[in-house]
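Each chain, written out:
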Amino acid sequence: MSRQLSNFPGGLHLPGHKELSVGEAVAAAEIPNRLIIPLHQHIGAAAEPLVEAGQKVLKGEMLAKAKGFVSAAVHASSSGTILAIEDRPVAHPSGLPALCIVLETDGEDVWCERHPVEDYHSLDPSALRNIIRDAGIVGLGGAGFPAYIKLNPGARTAVDTLILNGAECEPYITCDDRLMRERADEIIAGARIMRHALQASKSLIAIEDNKPEAIASVREALERLDIDDIEVVEVPTRYPMGGEKQLIKVVTGKEVPSQGLPLDIGVVCHNVATAAAVHRSVELGEPLISRIVTLTGGVERPRNLEVRIGTPIEELLPQAGGLSANVERLIVGGPMMGFTLQHREAPVVKTVNCILAATREMDASRGPVRPCIRCGACAEACPVSLLPQQLYWYARAKDFDKVQDYNLFDCIECGCCAYVCPSNLPLVQFYRFAKTEIWSQEREKKASDLARERHEFRTARIEREKAERAARMARKKAAVKGDQGTGDNAKKDAIKAAMERAKAKKEGAGTQPKNTEDLTKEQRRKLAEAKARREKALKDQAPNGASGGKEEK
Amino acid sequence: MLDMLTAILAIAGLAIVFGLLLGYAAVRFKVEEDPVVDQIDSILPQTQCGQCGYAGCRPYAEAIAAGEAEINLCPPGGENTMLALADLLGRDPIALDEEGKPQPKMVAVIDEDTCIGCTLCVQACPVDAILGAAKQMHTVIESECTGCELCVDPCPVDCIEMKPLEETIQTWKWPYPVVVEQRKR
Ligand code: SF4
Ligand code: SF4
Ligand code: SF4
Ligand code: SF4
């Protein structure tokens, strides 16, 4: 059963602080009076609302459907009435509001009709993916990428290994640990469905060795269920082991190419909680309406709660015994990769795995910022083998070309570099600044290219219209005073010719043919007869009248 | 015999060397007129507002390429554009004419109740971002408006207003970190 493990560069041994919250079993959080359900809880396009204010909905009903390929549906986390669809503060570093569906719960918590699948083997992978897509399942490890896309290897790629990520390497967070201890069966069931969807040849669950209870629980479940095609891999405890590329490297020894996807090397990686959600969606017919959230740090009773999506974060705090007196701010996520919450009324969304109440002491542990001494400690700690110091200099100088030359976009913002920096430089903040700045410049570039195109199109159109108008004018002018035209171009010639024709016609019509003078009586009579005949024959063939004149000869 | 061979070889060698040199020079010092204008134009923001004193971004690009205009005349582009131009053309950066602070991006909004449908704004818009026919209410396609303000003045009923484009979670940027470095004493 033992597998040869590989290693990733850099990384850190961090104090875990997991003992704070890991002791207590997961309990269901109270259902709030109002659920605030954002339409955009994932990577990709926001979902498109299917409901209106005033409408009654049941628990599990789809409120908004996925819009486009990279998107995810959202569902009613409980039964009640839709109050509004409006901008509300959400858990985002910007503190900006976003469109949310506000649902007043009725306390009944009645399920809508569910459609469990009896035997998922009978479904082909694409039907399975559709169920998972409509259940609104996204990566629950934190990134929030729609899960059904990561279950679609495409026609050409064969998936060798499905890895379930149970590393949970970030300090303080214990929601996956508790899930593995308490619901190993669900994870295993989800893993088997995922494997079927991917047609992967093998699957394994990777867990850091600081979670012996979780490892034992999963092993026990596998044995009890008599499943021998899922391997439990114990990986060393080292931050950021849970990083997708790092874990893949350790488990398979294979390197995901820079800017590439794990699929490129035949590997697909999903979080253990995502697997459990897949099981619930397929075999119980339940969409993703809740998740386990760790409440820890400066709270009186750190614990894990199963929270309905849309529950305001401030309403969870009393259920963790309330905040300690010395809490400065709340962090969404862990201490390494999380961000400061701006509005406590913001709701829990699918990607919120932890609310960490940061105390004054925690924040004060970082010393004053000093200039970079070029010690190179950051480069040694970087798990992606980047040069954080160079990235820092170029991001600071706003040299966005150079910073990309140093592979800024391979940076996973793990914070190892900043953690070890003896000068306490906020390195990751510089990288985040540079990344969003570059994205914004790319957007501006696209907009200005579009503007250029439209301006050029408009200029060309105006030129064309001008030319056409000028031509029309010229034609008219020429028609008015025709013989003044002395130009030698074809147009003028044509006009002249036309005028001559008109003149000739006019003359022809106005004067008598010379050979009709001095005619005999007999000739005149014949002429009159012919004329009458002709007029009769050509009565409604006026255009031929002109040529008829010639026959008179 | 050997002398002759050396001479021939020497001359052949010289010919090759000069040939290569000439070939290199042809590539290296190739006169490319238009691409410079294109490159300058690709740096300009394409707001097409005319604030530079030219009839749009491309005419300004042509004037810069011809050496007739300074590189600091484009207010929408601000300092970044000026620096990029200096970089491209190997000129020295110069201070911006006016306050070089980049303004927040604006979009035109037509008060559709007041609009009388005279189409004057349509004729003024450099990127055809205004929709509407004669005697009909007009409206601005927000995603295509460059914020040039050229439509504001022509409107006889003053119903076009420039509004700052609202920041969303999708367009939000992490701020430049404020770092106060303390030196060890
Ligand atoms: S660890 Fe900090 S001080 Fe050392 S080289 Fe990196 S950025 Fe500079
Ligand atoms: S934050 Fe980025 S640069 Fe710093 S250690 Fe992590 S991956 Fe490397
Ligand atoms: S000022 Fe700038 S944006 Fe406006 S037309 Fe001139 S170059 Fe274009
Ligand atoms: S110029 Fe003013 S009134 Fe005329 S169409 Fe435009 S917005 Fe309407």
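Shown above is the structure to which this text applies.
Notes on the structure in this doc start here. (Residues numbered from 1 in each chain as written. Chains lettered and ligands numbered in written order. Predicted model: local features only at pLDDT ≥ 70, side-chain atom pairs only at ≥ 80, totals over all residues.)

1. Let's talk about the overall build of chain B
Then step 1. When helices and strands are tallied, chain B shows five helices and four strands.
Then step 2. Shown N-terminal to C-terminal, the secondary structure of chain B runs as helices and strands in the order α-α-α-α-β-α-β-β-β. (Helix = DSSP H or I, 4+ residues; strand = E, 2+ residues; numbered from the N terminus.)

2. Thoughts on the site of ligand 4
Then step 1. Within the structure, ligand 4 sits among 14 residues, and Cys115(B), Cys118(B), Leu120(B), Cys121(B) and Cys155(B) are positioned closest to it.
Then step 2. Here the residues of the shell around ligand 4 are counted per class, giving 11 nonpolar, three polar and no charged. (Near = placed C-beta within 6 Å. Nonpolar A, V, L, I, M, F, W, Y, C, P; charged D, E, K, R; others polar.)

3. Looking at the sheet that holds strand E7 (residues 80-89) of chain A
Residue and element names in this part refer to chain A.
Then step 1. On the basis of which strands lie adjacent, the open sheet formed by four strands has the order E2-E8-E7-E4 and antiparallel pairing. A strand with exactly one partner marks an edge of an open sheet, and here the two such strands are strand E2 (34-38) and strand E4 (56-57).
Then step 2. As paired elements, E2 and strand E8 (residues 97-105) share five bridges and run antiparallel to each other. Directly across from Leu35, in E8, lies its bridge partner Leu103. (Pairing = 2+ DSSP bridges.)

4. Thoughts on the interface of chain B and chain A
Then step 1. Contacts between the two partners involve 25 residues from chain B and, on the opposite side, 23 residues from chain A.
Then step 2. When its residues are assigned to classes, the side of chain B that touches chain A shows 11 nonpolar, seven polar and seven charged. (Contact = placed C-beta atoms within 7 Å.)

5. Side note on the environment of Lys150(A)
Residue and element names in this part refer to chain A.
Then step 1. Note that Lys150 resides in the loop between helix H2 (125-134) and strand E9 (161-166).
Then step 2. Among the residues examined, Lys150 registers 22 C-beta atoms within 10 Å and is labelled buried.
Then step 3. Sequence-wise, Lys150 and Met194 are 44 residues apart; in three dimensions their C-alpha atoms are separated by 9.7 Å.
Then step 4. Other than its neighbours up to four places away in sequence, Lys150 contacts Phe145, Val268 and His270. (Buried ≥ 20, exposed ≤ 12 C-beta atoms within 10 Å, placed from the backbone.)

6. Focus: helix H4 (residues 184-198) of chain A
Working note: α-helix, 3.6 residues per turn, so residues spaced by three or four point in the same direction.
Then step 1. The terminal C-alpha atoms of H4(A), which comprises 15 residues, lie 21 Å apart, in line with the 21 Å expected from a rise of 1.5 Å per residue.
Then step 2. Immediately beyond the C-terminal end of H4(A), within one or two residues, lies Gln199(A), with a positive phi of roughly 55°. (Expected span 1.5 Å × (residues − 1).)

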